[in-house]
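Structural description and commentary
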Amino acid sequence: MNLLFVCSENRLRSPTGEEVFSEYEGINAIGCGTNADAETPLSGDLIEWADAILVMEKSHRIKVAKKYNDLLKDKKLACLDIPDNYERMQPELVRLLKNRVPKFVRL
């Protein structure tokens, strides 16, 4: 299963999701950001690659849906409701991700 984690800058939250879930057997994970200056910017290719798109905030879901609506037909798009208050790989962030992601995808 291909999981795409989306935040704004792809510096803290989505790279943490990528790192944590890449360890799971049968899971490929990539982090990206909605901002043009993100480390890995969100693209149509990434949307097409993903089985599930997991955004950190409602604003990210709106941006993804608005820009890539035609590519989302058979995709799961879910909001994890994780605010931008965490450092990369911060234990609380890892715990939130491990608790919330399984609500939307079977691991």
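Quick look at the structure, then. (Residues numbered from 1 in each chain as written. Predicted model: local features only at pLDDT ≥ 70, side-chain atom pairs only at ≥ 80, totals over all residues. Heavy atoms only, no water.)

1. Considering the environment of Asn69
Residue position: Asn69 is located in the loop between helix H3 (58–68) and strand S4 (76–79). Judged by its relative accessible area of 54%, Asn69 falls in the exposed class. For the pair Asn69 and Cys7, spaced 62 residues apart in sequence, the C-alpha to C-alpha distance is 18 Å. (Helix = DSSP H or I, 4+ residues; strand = E, 2+ residues; numbered from the N terminus. Buried < 20%, exposed > 50% of the residue type's maximum accessible area, 1.4 Å probe, protein only.)

2. Some remarks on the pairing of strand S2 (residues 28–33)
Taken residue by residue, a regular strand's side chains alternate between the two faces of the sheet. As paired elements, strand S1 (residues 2–7) and S2 share 6 bridges and run parallel to each other. Of the residues in S2, the one forming a bridge with Leu3 is Ala29. Each parallel crossover has a hand, and the one from S1 via helix H1 (residues 13–21) to S2 is right-handed. (Pairing = 2+ DSSP bridges. Right-handed = clockwise from strand over helix to strand, strands pointing away.)

3. With respect to the pattern of salt bridges
Taken as a whole and assessed by the stated rule, the structure comprises 5 salt bridges. The closest approach of N and O atoms between Asp84 and Arg13, which form a salt bridge, is 3.8 Å. Here Asp84, found in the loop between S4 and helix H4 (91–100), pairs with Arg13, found in helix H1; they are 71 residues apart in sequence, far enough to count as distant. Relative accessible area serves as the criterion here: at 48%, Asp84 is assigned to the partly exposed category. Overlapping salt bridges bring together Glu9, Arg11 and Glu39 as one network. (Salt bridge = Lys/Arg side-chain N within 4 Å of Asp/Glu carboxyl O.)

4. Considering the nonpolar core
With 20 residues, the main nonpolar core has Leu3, Phe5, Phe21, Leu80, Ile82, Leu97 and Val101 as its most contacted residues. Those elements giving two or more residues to this core turn out to be S1, H1, strand S3 (52–55) and H4. Tallying contributions element by element places H4 first for this core, with 4 residues. Aside from chain neighbours lying at most four places away, what touches Val101 is Leu3, Phe5, Phe21, Leu54, Leu80 and Leu107. Counting 13 residues, the second largest nonpolar core, distinct from the first, contains Leu42, Leu46, Ile47 and Cys79. (Core = buried A, V, L, I, M, F, W, Y, C linked by side-chain atoms within 4.5 Å. Contact = heavy atoms within 4.5 Å.)

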